[in-house]
Amino acid sequence: MGVTKEQVEASLTSKLNPVHLEVIDTSGGCGASFAVEIVSEEFEGKRLVERHRIVNAALEEEMKEIHALSIKKAQTPQQWNPTPPQDSSATTTTPTTPTTDA
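Residues numbered from 1 in each chain as written. Predicted model: local features only at pLDDT ≥ 70, side-chain atom pairs only at ≥ 80, totals over all residues. Heavy atoms only, no water.

Chemist: I'd love a proper account of the pattern of salt bridges, names of residues and values included.
Modeler: According to the stated counting rule, one finds 2 salt bridges in the structure shown. For K5, the salt bridge goes to E9, with nearest N and O atoms at 3.9 Å. In this pair, K5 and E9 both sit in helix α1 (residues 5–16), 4 residues apart, roughly one turn of the helix. Between K64 and E61 there is a salt bridge; the shortest N-O distance is 3.0 Å. An identical accessibility class is assigned to K64 and E61; each is exposed. (Salt bridge = Lys/Arg side-chain N within 4 Å of Asp/Glu carboxyl O. Helix = DSSP H or I, 4+ residues; strand = E, 2+ residues; numbered from the N terminus. Buried < 20%, exposed > 50% of the residue type's maximum accessible area, 1.4 Å probe, protein only.)

Written as structure tokens, this is what we have:
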């Protein structure tokens, strides 16, 4: 039997303490292929390739049985949930049209 979605979730949760985690078994239930979206403080200051290595390292045991792992997102909380834009009406100026006296 292959790896379960719950096993992948448990390993990533215990090792990376994500604020968001989505694991999808893309193998049709046999546990050989997964897609992952993960948001963690552990990724702060890391390049994308380093983040992927962190995820792969966290799943070291599971990777012995997983044939394909697609890391769809590996983001920091700030990247995943960026600060909402300020109210645009506060910075909007009304254009003025010069008047001419006739």
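Structure's up, so let's keep going.
Chemist: Report on the sheet that holds strand β3 (residues 68–75), specifying residues and quantitative values.
Modeler: Strand order in the open sheet formed by 3 strands is β1-β2-β3, and the pairing between neighbours is mixed. Of all the strands in the sheet, just β1 (20–25) and β3 have a single pairing partner and so form its edges. Across the sheet, the mean angle separating the axes of adjacent strands is 10° when strand polarity is ignored. Pairing of β1 with strand β2 (residues 33–39) involves 6 bridges; the strand directions are antiparallel. Bridging from a neighbouring strand, I24 pairs with A35 of β2. Sitting on the sheet, α1 is in contact with β1 and β2, with an inclination near 155° to β1. Against the sheet, helix α2 (residues 48–58) contacts β2 and β3, and its axis sits at roughly 125° relative to β3. (Pairing = 2+ DSSP bridges. Axes fitted to C-alpha atoms, helices over the stretch in contact; angles between N-to-C directions. Contact = heavy atoms within 4.5 Å.)

Chemist: Which residues make up the side chain of S11, and what values do they have?
Modeler: Inspection of the secondary structure assignment puts S11 in helix α1. For S11, a relative accessible area of 10% gives the class buried. S11 has contacts with A58, L59 and E62, leaving out every residue within four places of it along the chain.

Chemist: Run through the confidence of the model for the protein, naming residues and quoting values.
Modeler: When the pLDDT values of the protein are averaged, the result is 86; 78% of them are 70 or greater. In the model of the protein, helix α3 (residues 77–80) stands out as the element of lowest mean pLDDT, 93, in contrast to α2, which has the highest, 97. (pLDDT = per-residue confidence, 0-100.)

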